[in-house]
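The chain contents come next:
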Protein chains: 2
Amino acid sequence: MSSIDFSKVLVAQGGGPTAVINQSLVGAVLESRKFREVERVYGAFHGVRGIVNEDFVDLTQETTHNLEMVANTPSSALGSTRDKPDLKYCQEIFKVLRAHGVGCFFYIGGNDSSDTVRIVSEEARKDGYPLRAIHIPKTIDNDLMVNDHTPGFPSAARWVAQAFAGANLDNWALPGVYIAVVMGRHAGFLTAASALGKKFPDDGPHLIYVPERAFFVDKFLADVKATMDRYGRCVVAVSEGVSDENHVPIAEKLAEQVERDAHGNVHLGGGGLADELTQLVKTKLGYKRVRADTFGYVQRSFVGCVSDVDQREAREVGEKAVQYALWGDRDGSVTIHRTGFYSVDYHLTPLEQIAAKTKVMPDEFISPSGTDVTDAFRMYLRPLLGSGMPDAFRLRLNRVPKILT
Amino acid sequence: MSSIDFSKVLVAQGGGPTAVINQSLVGAVLESRKFREVERVYGAFHGVRGIVNEDFVDLTQETTHNLEMVANTPSSALGSTRDKPDLKYCQEIFKVLRAHGVGCFFYIGGNDSSDTVRIVSEEARKDGYPLRAIHIPKTIDNDLMVNDHTPGFPSAARWVAQAFAGANLDNWALPGVYIAVVMGRHAGFLTAASALGKKFPDDGPHLIYVPERAFFVDKFLADVKATMDRYGRCVVAVSEGVSDENHVPIAEKLAEQVERDAHGNVHLGGGGLADELTQLVKTKLGYKRVRADTFGYVQRSFVGCVSDVDQREAREVGEKAVQYALWGDRDGSVTIHRTGFYSVDYHLTPLEQIAAKTKVMPDEFISPSGTDVTDAFRMYLRPLLGSGMPDAFRLRLNRVPKILT
């Protein structure tokens with residue numbers, strides 16, 4: 001392979017937006033501009049689709065000030081895509097990169113995006129095209145291999161924890177059963193984050209169902225009843241992806257219409273699972289006040305709920321990607337490794353170890369009951385949520401003696 | 001009526017929780033403790049139900065420090081209730097108040113709670129029982145008569161605005177149709193607050209449907225199509241209570257099972273309306289990417305999204321209620337009146353002007369199209385959202401000339 005011409009570098013964002021994905025973008029752009037080899041930093045408009053469509057924007061013309069403001073704005077500032085390039089798609093990518101003299105490609109995204117980088121990297125090598133391709137991690141699902149955790153997850157986890165802290169207080173004031181469905185097809189990290197909204201011993205969520213454990217309807221109903229018997233109320237956190245013992249998603253079983261995106265992922269949104277579980281509890285257990293929410297798109301790009309730790313790390317993986325590309329000699333994925341309580345370091349990991357693989361919660365994070373998290377998980381997650389987490393307080397409720405009864 | 005014995009005062013919270021209802025509670029408790037006539041401040045556990053059950057807690061024993069922490073905690077710290085007292089219920093209330101020597105009753109709540117205060121006040125007068133009864137306003141629906149706005153609404157409105165700011169960015173990154181259903185049976189204030197999440201001219205929500213205007217399915221579909229044609233994407237905010245020209249709620253039409261609470265209110269939660277509108281858009285307009293969320297309970301008690309203006313005012317209505325009770329000579333409801341841009345003052349308004357009545361959005365707040373708000377509404381709402389509202393920024397997207405095409 002001839003030496004890489006770094007005069008033009010290209011950044012793109014793929015997959016679902018997060019609260020901090022623009023930190024990585026801005027980290028990559030500003031770091032690139034520090035290298036004298038780099039003359040232009042291009043951005044692909046709407047991910048790889050923007051590359052094949054030759055939809056580039058010149059990020060070199062952005063002011064540093066506006067870039068810093070964009071870094072603090074959630075969602076993908078360059079636009080995103082769900083496209084997953086095959087061989088033909090990658091050949092189109094090469095044609096465009098070659099025509100524009102792009103020598104370095106940064107793609108910020110999750111499992112699917114890392115697989116895209118892997119394919120592009122391999123096709124470039126086969127093609128003899130001198131390209132440096134680096135994957136920058138991002139996903140609220142926290143399901144990338146090798147990584148201790150992934151940028152975007154801590155802020156989404158903070159949102160979920162704060163939402164459950166409030167939902168628990170609401171349920172305490174007006175008791176009954178409350179069920180909230182949280183994003184997560186295969187990995188339960190985000191649903192498990194609901195446990196970080198608990199403070200007092202009787203706080204909810206009282207029951208947490210993650211995709212790592214089979215979901216049995218009868219067991220669920222028995223769990224709810226036991227909680228109601230004990231506390232007179234019950235707050236439930238459940239992953240959208242919970243499945244039965246045969247790995248059939250409960251939501252898919254219930255959905256009348258199933259929709260699949262280009263990656264073959266079933267779309268699990270909508271009120272389906274939440275509404276169905278509500279009806280189950282009402283009809284089988286007879287409780288009157290049963291309420292449910294599906295935490296939808298707000299949990300991944302809510303403006304104004306972000307972890308400062310997540311912001312810093314998302315910025316750093318963007319910066320490190322550029323350093324690995326410009327000072328290094330291989331393609332790869334930037335990975336986050338925990339080194340203390342709490343500190344991290346970054347490595348460049350071979351793409352094959354990340355691409356299209358899914359990490360799930362380790363057993364040590366799930367309680368033996370299968371409906372709670374362990375202290376190991378709390379230790380794992382708490383530092384990621386960042387500073388300034390709101391706290392809930394209670395009256396001490398000194399009872400006044402009854403007179404009439 | 002003989003003179004009132006203020007040595008024991010009672011505070012209760014009713015209806016749905018808000019982010020700042022405990023500010024009013026703490027305002028009333030701390031202000032009461034400044035009056036030498038007051039020896040004990042009781043709290044009723046779970047509203048009027050706590051009174052008839054003689055479930056009182058002694059708030060005089062609370063530390064000021066913990067009260068301040070509770071004030072900053074969302075949801076009803078004393079617990080709440082949906083009970084609506086009738087004559088018999090009120091006679092039970094009197095019996096308990098008399099037995100405990102309670103001379104002053106503060107009830108923090110919305111329309112239904114103000115009606116409870118009105119009934120209790122009238123029954124006390126009929127009964128010759130010397131009671132001072134004051135209603136302290138609270139409702140995220142912002143639908144109390146006489147009031148410029150009501151405590152709890154500004155914080156919920158801020159949540160809705162921030163949620164739409166994020167949803168708009170998400171929809172910009174991955175274009176399609178996005179629909180979010182917002183709380184509000186009869187008044188569209190909270191749904192209209194979504195407009196305050198807009199910044200750039202093409203930002204969503206592009207369409208806002210409030211209960212004050214009849215909802216026609218064909219018109220809705222035409223609006224969505226026109227927006228998609230113009231922007232290639234469409235963000236919709238719709239009140240859960242939108243109704244057809246015959247005042248039949250769209251959600252009720254679609255709901256298989258209708259549930260009513262003790263006040264005769266139909267429960268409109270769940271994914272029904274959002275899912276049904278999604279199916280409509282998919283089947284009638286053929287768009288592939290159509291997503292919907294129902295903003296459920298999180299919008300009223302999310303921990304960590306609160307307006308500081310709302311906090312201050314909620315505290316003040318609690319304080320003023322005590323001053324009106326101890327220094328005044330009549331029952332009533334504390335009302336908020338706007339006096340500047342932005343300043344407010346408080347009055348004690350006869351209960352009959354508030355109780356069981358509903359304020360809706362004035363015509364001047366709704367655009368002639370019926371699917372947007374006016375600048376008058378923006379002027380009305382913006383100061384209520386408080387300080388530190390997050391802001392969204394964009395790249396300036398300087399396009400790079402295409403080479404191949």
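Residues numbered from 1 in each chain as written. Chains lettered and ligands numbered in written order. Predicted model: local features only at pLDDT ≥ 70, side-chain atom pairs only at ≥ 80, totals over all residues. Heavy atoms only, no water.

Naming follows an unreviewed UniProt entry, where chain A appears as Pyrophosphate--fructose 6-phosphate 1-phosphotransferase of Methylocystis echinoides. Taken verbatim from the UniProt record of chain A, the Pathway (unreviewed entry) comment is "Carbohydrate degradation; glycolysis; D-glyceraldehyde 3-phosphate and glycerone phosphate from D-glucose: step 3/4." Quoted verbatim from the Subunit (unreviewed entry) field of the UniProt record, the comment on chain A reads "Homodimer." (UniProt positions renumbered as here; feature names shortened; annotations may be inferred.)

What follows is about the sheet that holds strand 2 (residues 40-44) of chain B. Residue and element names in this part refer to chain B. Pairing within the open sheet is mixed, and its seven strands lie in the order 3-2-1-4-5-10-11. Each edge of the open sheet is held by one strand with a lone partner, namely strand 3 (56-58) and strand 11 (343-349). Pairs of neighbouring strands in the sheet enclose a mean axial angle of 30°, with direction left out of account. Pairing analysis gives six bridges linking strand 4 (residues 104-109) to strand 5 (residues 132-137), with the strands arranged parallel. Paired with Phe106 across the bridge in strand 5 is Ile134. (Pairing = 2+ DSSP bridges. Helix = DSSP H or I, 4+ residues; strand = E, 2+ residues; numbered from the N terminus. Axes fitted to C-alpha atoms, helices over the stretch in contact; angles between N-to-C directions.)

Let us look at the sheet that holds strand 5 (residues 132-137) of chain A. Residues and elements named next belong to chain A. Pairing within the open sheet is mixed, and its seven strands lie in the order 3-2-1-4-5-10-11. A single partner strand is all that each edge strand has here, and the edge strands are strand 3 (56-58) and strand 11 (343-349). On average, adjacent strands in this sheet sit at an angle of 30° to one another, irrespective of strand direction. Across the sheet, helix 1 (residues 21-32) is in contact with strand 1 (8-13), strand 2 (40-44), strand 4 (104-109) and strand 5; its angle to strand 1 comes to roughly 175°. (Contact = heavy atoms within 4.5 Å.)

Residues and elements named next belong to chain A. Under the UniProt annotation, "binding site: Mg(2+)" (unreviewed entry) lies at Asn111. Position of Asn111 among the secondary structure elements: in helix 5 (residues 111-127). Those residues in contact with Asn111 that lie beyond four places of it in its chain are Asp143, Leu144, Ala355, Ala356, Lys357 and Thr358. A polar contact of 2.6 Å, which involves the side chain of Asn111, links it to the backbone oxygen of Lys357. (Polar contact = N/O pair within 3.5 Å; in protein donor to acceptor, adjacent residues only side chain to side chain.)

On to the relation of the copies chain A and chain B. Between chain A and chain B, the superposition needs a rotation of 180° and an axial shift of 0.0 Å, giving an RMSD of 0.0 Å. Overall, the copies show the geometry of a two-fold rotation axis. Of all interface residues in chain A, 100% are interface residues in chain B too; the two copies therefore contact each other through one and the same surface. (Least-squares fit on C-alpha atoms with pLDDT ≥ 70 in both.)

Right, let's talk about the interface of chain A and chain B for a bit. Contact with chain A, which involves 88 residues of that partner, is made by 88 residues of chain B. In this assembly, chain A and chain B are joined by six salt bridges. For the salt bridge of Asp170(A) with Arg300(B), the shortest nitrogen-to-oxygen distance reads 2.7 Å. Linking chain A with chain B are 42 residue pairs in polar contact (both at pLDDT 80 or more). (Salt bridge = Lys/Arg side-chain N within 4 Å of Asp/Glu carboxyl O.)

Turning our eyes to something else, we now look at unusual backbone geometry. Residue and element names in this part refer to chain A. Along the chain, Gly204 connects to Pro205 via a cis peptide bond; the corresponding omega equals 5°. The residue Pro205 is located in the loop between helix 7 (189-192) and strand 7 (207-209) in this model. Cis geometry marks the peptide bond from Phe341 to Tyr342, where omega comes out at 10°. On the secondary structure map, Tyr342 appears in the loop between strand 10 (332-340) and strand 11. In this structure, Glu54 takes a positive phi of about 60° despite not being glycine.

Before going further, it helps to spend a moment on the packing of aromatic side chains. For the structure shown, the criterion picks out 35 aromatic pairs over all chains. For the ring pair Trp159(A) and Phe295(A), a centre distance of 5.2 Å and an interplane angle of 85° mean the geometry is edge-to-face. Taken together, the positions of Trp159(A) in helix 6 (residues 153-173) and Phe295(A) in the loop between strand 9 (290-294) and helix 11 (298-301) put the pair 136 residues apart, joining distant regions of the chain. Comparing Trp159(A) with Phe295(A) shows no difference in burial state: the two are buried. Ring plane angle 35° and centroid distance 5.6 Å describe the contact between Phe302(A) and Phe302(B), whose orientation is recorded as tilted. Taken together, the positions of Phe302(A) in the loop between helix 11 and helix 12 (308-327) and Phe302(B) in the loop between helix 11 (298-301) and helix 12 (308-327) put the pair across two chains. Of the two residues examined, Phe302(A) and Phe302(B), each falls in the buried class. (Phe/Tyr/Trp six-rings, centres within 6.5 Å; stacked < 30°, edge-to-face > 60°. Buried < 20%, exposed > 50% of the residue type's maximum accessible area, 1.4 Å probe, protein only.)

All names here are of chain A. Confidence along chain A averages 93 in pLDDT terms, with 95% of residues attaining 70 or more. Predicted confidence is poor over residues 256-261, with pLDDT under 50, and the contacts of this stretch with residues over four places away or in other chains come to 13 contacts. Across residues 266-270 the pLDDT falls below 50, and counting only partners more than four positions away or on other chains, this stretch makes 15 contacts in the model. (pLDDT = per-residue confidence, 0-100.)

The next thing to look at is the environment of Leu351(A). All names here are of chain A. For Leu351, the location among the structural elements is in the loop between strand 11 and helix 13 (375-381). What makes Leu351 buried here is its relative accessible area of 5%. Between the C-alpha atoms of Leu351 and Arg36, which are 315 residues apart in sequence, the distance is 27 Å. In this view, Leu351 contacts Ser114, Val117, Arg118, Ser121, Ala133, His135, Asp331, Gly332 and Ser333; residues no more than four positions away in its chain are not counted.

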